[in-house]
Amino acid sequence: MSEKIAITPSTHTAPPAKFSHGVRKGNILQVAGQVGFLPAVGGEAPTPAGSTLREQTLQTLANVEAILEEGGASWDDVMMIRVYLTDTAHFAEMNEIYNEHFKDLTVAPAARTTVYVGLPAGLLIEMDALAVLD
């Protein structure tokens with residue numbers, strides 16, 4: 001049986017509770033929910049990339065990608081993405097940013113679910129992903 005390995009890129013701070021930013025077991029990589037925090041700097045508390053949906057979405061995608069890469073995966077390996085928004089009015093704008101980000105994808109796009117949730121103050125979006133590697 002394959003060992004379960006925690007994945008934490010150098011750009012991420014330690015999680016605030018007992019969970020991993022990503023976990024790989026065999027050819028499965030689960031990326032935990034990521035928000036638009038800027039990369040970790042020293043011991044400073046994480047801060048959002050900005051106050052706009054665009055800024056936070058782009059940083060959230062970069063944070064998911066950092067975990068995918070650290071775990072040996074890429075967007076091509078992603079089977080499922082879940083998007084959590086705090087405001088239903090952000091759906092169309094998020095779709096534009098999302099489509100722009102994945103416009104050059106050469107494989108079938110991942111399945112996606114979008115739900116509306118409450119997040120800590122100032123955060124507008126969260127994403128998680130499930131990747132299956134060959």
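Figured I'd write up the structure that's included with this text.

Criteria and thresholds
Residues numbered from 1 in each chain as written. Predicted model: local features only at pLDDT ≥ 70, side-chain atom pairs only at ≥ 80, totals over all residues. Heavy atoms only, no water. Axes fitted to C-alpha atoms, helices over the stretch in contact; angles between N-to-C directions. Helix = DSSP H or I, 4+ residues; strand = E, 2+ residues; numbered from the N terminus. Parallel < 35°, antiparallel > 145°, perpendicular 65-115°, else oblique. Left-handed = near helix turned anticlockwise from the far one by under 90°. Contact = heavy atoms within 4.5 Å. Nonpolar A, V, L, I, M, F, W, Y, C, P; charged D, E, K, R; others polar. Buried < 20%, exposed > 50% of the residue type's maximum accessible area, 1.4 Å probe, protein only. Arc of directions from axis to C-beta. Polar contact = N/O pair within 3.5 Å; in protein donor to acceptor, adjacent residues only side chain to side chain. Core = buried A, V, L, I, M, F, W, Y, C linked by side-chain atoms within 4.5 Å. Pairing = 2+ DSSP bridges.

## Notes on the packing of helix α1 (residues 53-70) against helix α2 (residues 91-101)
- At a minimum axis distance of 10 Å, the contact between α1 and α2 shows a crossing angle of 40 degrees. Classified by the angle their axes make, α1 and α2 are oblique. The hand of the α1/α2 crossing is right-handed. For the pair formed by α1 and α2, the contact residues are Leu53, Arg54, Thr57, Leu58, Leu61 and Glu65 on the first element and Glu93, Met94, Ile97, Glu100 and His101 on the second.
- When its residues are assigned to classes, the contact of α1 with α2 shows five nonpolar, two polar and four charged.

## Let's talk about α2
- Within α2, the full set of buried residues consists of Met94, Asn95, Ile97 and Tyr98. Here the buried residues of α2 occupy an arc of 165 degrees about the axis, which is enough to place them on one side.
- Where α2 is buried, its residues meet α1, β4 (78-85), β5 (111-116) and β6 (125-132).

## Description of the environment of Glu55
- Looking at the element boundaries, Glu55 is found in helix α1.
- With 19 residues separating them along the chain, Glu55 and Gly36 place their C-alpha atoms 7.5 Å apart.
- Among all residues touching Glu55, those that are not within four sequence positions of it are Ala49 and Gly50.
- Of note is the side chain of Glu55, whose polar atom sits 2.9 Å from the side chain of Thr52.

## Side note on the nonpolar core
- In terms of nonpolar packing, the biggest core is built from 24 residues, with Leu68, Trp75, Val78 and Ile81 touching the most fellow members.
- Counting only elements with at least two residues in this core, the list comes to β3 (28-35), α1, β4, α2 and β6.
- Per-element accounting of this core gives the leading share, five residues, to α1.
- With sequence-adjacent residues up to four places away left out, Trp75 is seen in contact with Leu61, Val64, Glu65, Leu68, Ile81, His101, Phe102 and Leu105.

## Here's the deal with the sheet that holds β6
- Taking strand neighbours across the sheet as the criterion, the six strands line up as β1-β2-β3-β6-β4-β5 in an open arrangement whose pairing is mixed. Each end of this open sheet is capped by a strand with a single partner; those strands are β1 (4-7) and β5. For this sheet, the mean angle separating the axes of adjacent strands, direction not counted, is 15 degrees.
- As defined by bridge partners, β4 adjoins β6 across seven bridges and the pair is classed as antiparallel. Paired with Val78 across the bridge in β6 is Ala131.
- In the packing of α2 onto the sheet, the strands contacted are β4, β5 and β6, and the crossing angle to β5 comes to about 150 degrees.

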